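Spelled out from the first residue to the last, the chains are:
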Amino acid sequence: MNGRERIFAVIQNKELDCLPLMPITMMFAADRIGAKYGDYASDCRILAEAQIRTAEEYDFDYVSAISDPAREAADLGANIHYFDDQPPAINEANALLADKTRLAGLKPIDPSQGRRMSDRVQGVALLKERAGSDKLIEGWVEGPCAQGADLRGINRLMMDFMDDPNFVRDLFAFAIDLELKFARAQIEAGADLIGVGDAAASLVGPALYKEFVFPEEKRLVDGIHEMGGMVRLHICGKTKKHYEGMGKLGCETVDLDWMNPMDAAREVMGPDQALCGNIDPVEVVKNGTPEKVWNGLAECHRQTGPKYIVGAGCEIPRESPLENVRAITEYARSNQPVAMP
Amino acid sequence: MSEWNSLYDAILTGDDKTATAVTEEALEKGAEPLELVNQYMVPAMDEVGKRFEEEEYFIPEMLLSARAMERSLALIQPRLAASGAKPIGRVAIGTVKGDQHDIGKNLVRSMLQGGGFEVYDLGMDVPHEKFIEAIQEKDVNIVCLSTLLTTTMPSMKTIIDNIQQAGLRDRVKVMVGGAPITPEFADQIGADCYGDSAYSAVKLARNLISA
């Protein structure tokens, strides 16, 4: 069974030979081939090379085009800080929609015409061409809250929920119109699954999530499904308060960050939801030992039961000891999934 | 606590218009500026922090309360300065070089202001030398360093080392925080304490000042 077959099997409730393995790597992968992260995020050939070599070295079941959340905002004209060896970052002080009246004049762009979005689409195509027979191919888009924050500035967006709720609705609708185009381009380029990152959603309470975020996340997930893609939801931060909504989105798999209980997610999201995670990337993977990694994953596995995908709560940090990353792989390859009841 | 309870309520509910209106009215009617801060604003922000800890409030609610508090405080501060009232302490705060995330730093700033500290916000992606300049020029007692990224964590050690090399280490306490930061990391780099939330930062800063 290869990695691609393994991930399809866990999602489709088929028999597995061992646990599927989907840890997120970005800076760690760039470092493995000696690339600067600025180059990784701007040149899909470097990203593809790093992803494929890292996935082969550690026997990961997938490769991903994820790099940073600023691609869409950059192509829309936002002011982005670029770094030599770090991810590009949004300049919040001069956010594209610091003046919110500009939203009315903003048009979703064609991903094939955008510089950084096109690079990701081409990256997906490269990954598909070079690794698509063995590895699952993951594209990436931002969720409504994350993209809204990237365009408006997160501090402003958080207050907009109360100050100007109609603007937030319009902003999120615009964001998802754009992300649906971006997802389609990546699926057409060969992505099997689209990762949806919506980190900023963890900052709002359940009432705001339900009213503003969930409806647009749902529209995005449903749209990707209609295009024939699968969805991996990844919300950094504390999300236990959103478990019910996250479970109702219908994503093929849901990632949980390290501070969120897997057992409660299983209870709330039900037995059919594949769950991925969620050892502490810093304390366990970067600062811990292989034994700590193994024990942490065993506890995640125990809490999750069936339909468990091995991963850390978030990105594997650069400078993580290689033996700790190997321990993640060894856990996945040495353990059988818990049988469905 | 009674006469200006509506100031407490307005800050707690994040209603900045009412908060500033009540503050203006209170000042016009001769209320003591320090009394408004200590009896209404500090307790309100304290309650905001508690509600955040208990997951009754989240980031939007905290930011709205912080805005209401900051706008009221802006009306009060000139009177406080004129009266010669001293802040509990002076703090320089910033997100370290290479990191563009500032929401956590902003909340800590607001909570410290609400807690009676004079705060110099150096912003985000702050060059190391700006912290040294703040110690020298603003005579701050506490330096607060924030980061969300694992890649910029080493900057915190560099800044502390720079403070040491500049001969200023015994003049300031250093508090660090941010998602990847741990108490062990704070110890390793020679920080004086680690704060895991904006609410705890106020308590820690008060302890550092009284130590």
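The rules we used
- Residues numbered from 1 in each chain as written.
- Chains lettered and ligands numbered in written order.
- Predicted model: local features only at pLDDT ≥ 70, side-chain atom pairs only at ≥ 80, totals over all residues.
- Heavy atoms only, no water.
- Pairing = 2+ DSSP bridges.
- Helix = DSSP H or I, 4+ residues; strand = E, 2+ residues; numbered from the N terminus.
- Axes fitted to C-alpha atoms, helices over the stretch in contact; angles between N-to-C directions.
- Contact = heavy atoms within 4.5 Å.
- Domains from an automatic or database assignment.
- Buried area = accessible area lost by both parts, 1.4 Å probe.
- Salt bridge = Lys/Arg side-chain N within 4 Å of Asp/Glu carboxyl O.
- Polar contact = N/O pair within 3.5 Å; in protein donor to acceptor, adjacent residues only side chain to side chain.
- Nonpolar A, V, L, I, M, F, W, Y, C, P; charged D, E, K, R; others polar.
- Buried < 20%, exposed > 50% of the residue type's maximum accessible area, 1.4 Å probe, protein only.
- Right-handed = clockwise from strand over helix to strand, strands pointing away.

Enquirer: Would you mind showing me how to read the sheet that holds strand β2 (residues 118-126) of chain B here?
Expert: Sheets are built from strands paired through backbone hydrogen bonds, the pairs being either parallel or antiparallel. Residue and element names in this part refer to chain B. Across the sheet, five strands lie side by side as β2-β1-β3-β4-β5; this open sheet has parallel pairing. Whereas interior strands pair on both sides, the edge strands pair on one side only; in this sheet they are β2 and β5 (193-195). Looking at each pair of strands side by side, their axes are set apart by 20° on average, direction ignored. Note: strand β3 (residues 142-146) against strand β4 (residues 173-177), five bridges, orientation parallel. Paired with Leu145 across the bridge in β4 is Val176. Across the sheet, helix α5 (residues 103-114) is in contact with β1 (90-96), β2 and β3; its angle to β2 comes to roughly 175°.

Enquirer: Whenever I open this one, the domain arrangement of chain B confuses me. Can you help?
Expert: It is common to report an interface's size as the accessible area lost on association of the parts. All names here are of chain B. Parsing chain B into structural domains produces domain 1 (5-83) and domain 2 (90-210). Each side of the interface is counted separately: domain 1 has 14 residues, and domain 2 has 13 residues. Taken together, the two surfaces of domain 1 and domain 2 that pack against each other cover about 1,200 Å², and 70% of this comes from carbon and sulfur. Here domain 1 is connected to domain 2 by one salt bridge. We note a salt bridge from Glu70 to Arg109, for which the minimum N-O separation is 3.1 Å. The tally of links between domain 1 and domain 2 comes to three residue pairs in polar contact (both at pLDDT 80 or more). Among the elements of the structure, α3 (33-53) and α4 (59-83) are those that each provide at least two residues to the side of domain 1 that touches domain 2. Partitioned by chemical class, the residues of the side of domain 1 that touches domain 2 number nine nonpolar, one polar and four charged.

Enquirer: Teacher, can you tell me more about the sheet that holds strand β4 (residues 136-142) of chain A here?
Expert: Residues and elements named next belong to chain A. Judged by pairing direction, the sheet is parallel, and its seven strands sit side by side in the order β1-β4-β5-β6-β7-β8-β9 without closing on themselves. Pairing within the sheet leaves two strands with one partner each, and these edge strands are β1 (62-64) and β9 (308-312). Each neighbouring strand pair of the sheet contributes to a mean axis angle of 25°, computed without reference to strand direction. In this structure, β1 lies alongside β4, joined through three bridges in parallel fashion. Bridging across to β4, Tyr62 finds its partner in Leu136. Contacts between helix α1 (residues 3-11) and the sheet are confined to β1, β4, β6 (230-235) and β9, with β4 contributing the most and set at about 65° to the helix. Strands in contact with helix α14 (residues 290-304) are β8 (274-279) and β9; relative to β8, the strand with the most contacts, it is inclined by about 150°.

Enquirer: Got a minute to help me understand the pairing of strand β5 (residues 193-197) of chain A in this structure?
Expert: For a regular strand, side-chain orientation follows a simple rule: the groups alternate between the two sheet faces. Residues and elements named next belong to chain A. A large share of β5 lies buried, amounting to five of its five residues. Neither face of β5 is open: one carries Leu193, Gly195 and Gly197, the other Ile194 and Val196, and all of them are buried. In this structure, β4 lies alongside β5, joined through five bridges in parallel fashion. Directly across from Trp140, in β5, lies its bridge partner Gly195. Pairing of β5 with β6, which is carried by five bridges, proceeds in the parallel orientation. Bridge pairing in β6 places Gly197 opposite His234. In this fold, the crossover linking β5 to β6 by way of helix α10 (residues 206-226) has right-handed handedness.

Enquirer: Is there a simple way to think about the interface of chain B and chain A in this case?
Expert: At the junction of the two partners, chain B supplies 21 residues and chain A supplies 27 residues. Where chain B packs against chain A, one counts two salt bridges. For Lys238(A), the salt bridge is made with Glu55(B), and the minimal N-O distance between the two is 3.9 Å. Linking chain B to chain A there are five residue pairs in polar contact (both at pLDDT 80 or more). Contributions of two or more residues to the side of chain B that touches chain A are made by α4 and α5 of chain B. Per element, the largest residue contribution to the side of chain B that touches chain A is six residues, and it comes from α4(B). Residues that form the side of chain B that touches chain A fall into these classes: nine nonpolar, seven polar and five charged.

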